[in-house]
2 protein chains.
Amino acid sequence: MSFRYFILGLLTQRPMAGYDIKRLLQRLDWLIGSPSFGSVYPTLHTLLKDGLVDVSVAHNEERPSRKVYSITLAGQQALQAWLDQPVEPGISLKEFLMRLMLAGNLSHHGLVAYLQQRRSEVAARRPKLEKVARSEENTALGRQLAFDYGLAAAAAELAWLDRTLERLSP
Amino acid sequence: MSFRYFILGLLTQRPMAGYDIKRLLQRLDWLIGSPSFGSVYPTLHTLLKDGLVDVSVAHNEERPSRKVYSITLAGQQALQAWLDQPVEPGISLKEFLMRLMLAGNLSHHGLVAYLQQRRSEVAARRPKLEKVARSEENTALGRQLAFDYGLAAAAAELAWLDRTLERLSP
DNA sequence: CCCGCCATGTAACACGTTACATGATTTT
DNA sequence: AAAATCATGTAACGTGTTACATGGCGGG
């Protein structure tokens, strides 16, 4: 269900063809990863089958025909329902960012709550990581480095969340 | 092939049962993600079938029998071959950390080279992200936040890599 | 007495990748 | 003339999840 809703979310901004979506996703590759064409097209097919998107074929002389998809009312409702349901804890960074990118469909309050939930999760990770890092089986160099990385990453994310929450507050 | 080699790598430290592996992985969950039992056991079965691990059943009265797996010579060679082959660029953070945790099987020089490669990749992401963030279609709040996060994360990882590389140098 | 931990396993399913097929047009 | 870009699609495969089945032990 991961990319399904994200693609649906992209279509709230403007109607797009599969190729466009793939290209856009490609440029977001580093943040959320980019599915292949073999994934994008079938996803659009099932969204269409489920009535969440419409398609209009743009017959072009000179260039291949494009199938331009737009979100339907049912699609907007389905997206909203998905966004409204609370995120279960332990979500991955990629999922966190995917939802964050759809923040345009969220209320200000919803966005702040989302970031605050993330903040408390990341904060909770710190002591856990430290505890695991100190356990006797993790003295190998690689493990030590990985834990060290984890702590640094958690600290950086926490700092970003604090900065961002402050910026968003009135 | 992702967890296959990581599990093999875990067995270089000590022989373990599937349950042990899962428990260990669980504690590394935040760093590299943890596969379910339905993935761990079949993985061990195929490693066994391929001759990369051995199994010895520990019949215990009182407790369920445990199947303790140990790495074979062929397994060690396969792992080494996998570690020796250069990492293709664009690897995900999770894969980066998985390999990092196996650093015990790497030479000092190999480890440093690995980190340096990562450093140059992360450094290259910065200008790309900045360029994409400035493009006209990314003015929506969510996108801006996600890009901002990406830049902060990249900066933090870069700083960590520099610190670590310095610490590892003579 | 029920719940949680220990311990293994299988089958159905979900999601995504790789590799292929097709074919025109623009750039090198 | 070759290669990249535009544009869509399918089929086989890989890897992992969820949900189930089985069964004993220990603590609240």
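Within any chain, residue numbers begin from 1 and follow the written order of that chain's sequence. Lettering for chains starts from A, numbering for ligands starts from 1, and both go in the order in which the items are written. Residues qualify for local features only when their pLDDT is at least 70, as the model is predicted, and side-chain atom pairs are given and counted only at 80 or more; totals for whole chains, interfaces and linings, by contrast, use all residues. Note that water and hydrogens are dropped before the side-chain values are worked out from all heavy atoms of the structure.

Attention now goes to the packing of helix α1 (residues 2–13) of chain A against helix α5 (residues 73–84) of chain A. Residues and elements named next belong to chain A. Only the contacting stretch of a helix is used when fitting its axis, a line to C-alpha atoms as for every element, and angles between N-to-C directions run 0 to 180 degrees. The numbering of helices and of strands both runs from the N terminus, where a helix is a DSSP run of H or I of at least 4 residues and a strand a run of E of at least 2. Direction vectors running N to C along α1 and α5 enclose 125 degrees, while the axes themselves pass 10 Å from each other. Considering the angle they form, α1 stands oblique to α5. The handedness of the crossing between α1 and α5 is left-handed. Touching Tyr 5, Leu 8, Gly 9 and Thr 12 of α1 are Gly 75, Ala 78, Leu 79 and Trp 82, all from α5. For the contact of α1 with α5, the residue count by class is five nonpolar, three polar and no charged. Oblique is the label for any angle not under 35 degrees, not over 145, and not in the 65 to 115 range, which are roughly parallel, roughly antiparallel and roughly perpendicular in turn. Should the near helix be turned anticlockwise from the far one by less than a right angle, the crossing is termed left-handed; should it be turned clockwise, right-handed. Two residues form a contact once any of their heavy atoms are found within 4.5 Å. All residues other than Ala, Val, Leu, Ile, Met, Phe, Trp, Tyr, Cys, Pro, Asp, Glu, Lys and Arg, Gly among them, are scored as polar; the first ten of these are nonpolar and the last four charged.

Further remarks concern the packing of aromatic side chains. Pairing of aromatic side chains here covers Phe, Tyr and the six-membered ring of Trp, requires ring centres within 6.5 Å, and sorts the geometry by plane angle: under 30 degrees stacked, over 60 edge-to-face, intermediate tilted. By the definition in use, this model includes 12 aromatic pairs over all chains. Ring centres of Phe96(A) and Tyr149(B) lie 6.4 Å apart, and the angle between their planes is 70 degrees; this geometry places the pair in the edge-to-face category. With Phe96(A) in helix α6 (residues 93–101) and Tyr149(B) in helix α8 (residues 141–168), this pair bridges two chains. Accessible area is worked out with a 1.4 Å probe on protein chains only. A residue is then buried under 20% of its type maximum, exposed over 50%, and partly exposed in between. Owing to a relative accessible area of 1%, Phe96(A) belongs among the buried residues under this scheme. Between Tyr19(B) and Phe37(B), the ring centres sit 5.6 Å apart and the planes meet at 20 degrees, which makes this aromatic pair stacked. In this pair, Tyr19(B) sits in helix α2 (residues 18–27) while Phe37(B) sits in helix α4 (residues 37–49), placing the two residues 18 residues apart along the sequence. Taking relative accessible area as the criterion, Phe37(B) reaches 32% and is therefore assigned partly exposed. Put simply, the rings of Phe96(A), Tyr114(A), Trp160(A) and Tyr149(B) pair up and form one aromatic cluster. Cation placement over rings: the criterion is NZ of Lys or CZ of Arg within 6 Å of the ring centroid and within 35° of the ring normal. One residue, Arg99(A), lies across the ring of Trp82(A), its end atom 4.2 Å from the ring centre.

A word on the interface of chain A and chain B. Opposite the 38 residues of chain A that make contact, chain B presents 38 residues. Both sides of the chain A and chain B interface together cover about 3700 Å² of buried area, and 67% of this is carbon and sulfur. The term buried area denotes the loss of accessible surface (1.4 Å probe radius) that occurs when two parts are joined, taken as the sum for both partners. The three residues of chain A that bury the most area against chain B are Trp30(A), Arg143(A) and Tyr149(A), which together make up 21% of that side's buried surface. We count a salt bridge whenever a side-chain nitrogen from Lys or Arg sits within 4 Å of a carboxyl oxygen from Asp or Glu. Between chain A and chain B we count two salt bridges in total.

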